[in-house]
Amino acid sequence: MRKLAAGNWKMNGTSAELAEVSALIAAQAKPGCEMLLCPPATLLARMADIAAGSALMVGGQDCHAKTAGAHTGDISADMLKDAGATHVILGHSERRADHGETDIAVRAKATAALAAGLTAIVCVGETEAQRDAGRTLDVIGTQLAGSLPAQMTGAADSLVIAYEPVWAIGTGRTPTLDEVAEVHAFIRTTLTTRFGEVAKAMRLLYGGSVKASNAADIFAVPHVNGALVGGASLKASDFGPIVAALAAS
Ligand code: PEP
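In this numbering scheme, every chain counts its residues from 1 along its sequence in written order. Selection of residues for local features in this predicted model requires a pLDDT of at least 70, selection of side-chain atom pairs for listing and counting requires 80 or more, and totals for whole chains, interfaces and linings are taken over all residues. Heavy atoms throughout the structure, all of them, feed into the side-chain values; hydrogens and water do not.

## Comments concerning the site of the ligand
Consideration 1: Inspection of the region around the ligand gives 14 residues, with Lys 10, His 92, Glu 164, Gly 170 and Ser 209 positioned closest.
Consideration 2: We call two N or O atoms a polar contact when they sit within 3.5 Å, provided that within protein one can donate a hydrogen and the other can accept it, with sequence-adjacent residues counted only if both atoms are side-chain atoms. Here an oxygen atom of the ligand and a backbone polar atom of Gly 230 are 2.8 Å apart.
Consideration 3: Computed by Shrake-Rupley with a 1.4 Å probe, the accessible areas treat only the displayed protein chains as cover when residues are assessed. Protein burial of the ligand: of its 290 Å² of free accessible surface, 95% is covered by the chains.
Consideration 4: Using a 1 Å grid laid over the protein atoms alone, points where a 1.4 Å probe fits but cannot get out form a cavity; open sets with protein on both sides within 12 Å along at least 5 of 7 lines form a pocket; any residue with an atom within 4 Å of a point counts as lining. Molecule-in-pocket calls rest on the fraction of atoms, with more than half required to lie within 2 Å of the cavity or pocket grid points. Spatially, the ligand is embedded in the second largest pocket.
Consideration 5: Put simply, Ala, Val, Leu, Ile, Met, Phe, Trp, Tyr, Cys and Pro go in the nonpolar bin, Asp, Glu, Lys and Arg in the charged bin, and everything else, Gly too, in the polar bin. For the shell around the ligand, the residue count by class is four nonpolar, eight polar and two charged. Throughout, the term near means that a residue has one or more heavy atoms lying within 4 Å of the molecule or strand in question.

## Structural notes on the state of the cysteines
Consideration 1: Working definition: a disulfide is two cysteine sulfur atoms within 2.5 Å of each other. A full pass over the atoms with the stated rule returns zero disulfides.
Consideration 2: No disulfide involves Cys 33; its sulfur sits 14 Å from that of Cys 38, the nearest cysteine.
Consideration 3: With no disulfide partner, Cys 38 has as its closest neighbouring cysteine sulfur the one in Cys 123, 9.4 Å distant.

## Topic: the layout of surface pockets
Consideration 1: Each pocket or cavity is described by its volume, and for the largest pocket that value is around 600 Å³.
Consideration 2: As for the largest pocket, its lining consists of 22 residues, and the residues nearest its centre are Lys 10, Gln 61, Asp 62, Arg 95 and His 99.
Consideration 3: In this text, helices come from DSSP runs of H or I with a minimum length of four residues, and strands from runs of E with a minimum of two, each type numbered from the N-terminal end. Listing elements by their share of the lining of the largest pocket, those giving two or more residues are α2 (41-51), β3 (56-60) and α4 (93-98).
Consideration 4: The element that contributes the greatest number of residues to the lining of the largest pocket is α4, accounting for three residues.
Consideration 5: When grouped by side-chain class, the residues that make up the lining of the largest pocket number nine nonpolar, seven polar and six charged.
Consideration 6: Grid points are joined across faces, edges and corners, and a volume is the space filled by probe spheres set on the points. Within this model, the second largest pocket holds a volume of roughly 210 Å³.

What follows is the structure, given as structure tokens:
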């Protein structure tokens, strides 16, 4: 299975930061794993132009479940594709918290993304209170049950799950490697029960305070097939070594 290093720029970046994209491409000419950046929608088409012909792919950070219509401020999966995206992040905890996105809404978006030919990166993860209450696997199981498309229509690698403990995002804190292993094994088993053999080829990403100094350890955990990286994806000098660690894992 081809591993995936995905960067989420969130609401960061204007034209000036596009220089980081060229620097990343130059430093990772043949990365040895899939390499993706998801910029804000305003930079998507320009980033796709810069990335054209390189090993870097670009993706969106959200999409609407409908293909077009009266939805002010929203962007459809087809529009992302038209702008040059190959992937889209869906159900990120910040969207679940800031925009009240439910599992049902995330499922509709993931279904739309797959129908448009995009790879859907569906995020799941527990809050600190849920982990402290011993509910982590229950929460992840419920999110997987509700947020994933009812059926897998495309190739196994078109559906990616990102396990992102909410309390680890942007905090510098990470679960222990045993905790990462437990959740990733649980996700693999849950996907296999639901989708069958195809689930063995689905990529499972860990996300939450991944940086160059902890990347190799995280990538050595079974069923970790890559990372979703926030803060450390903004600079080529931070993201490049994470991509290299994944390629070497
Ligand atoms: C994220 O927001 O998906 C994320 C993992 O952020 P960070 O790497 O900054 O913790």
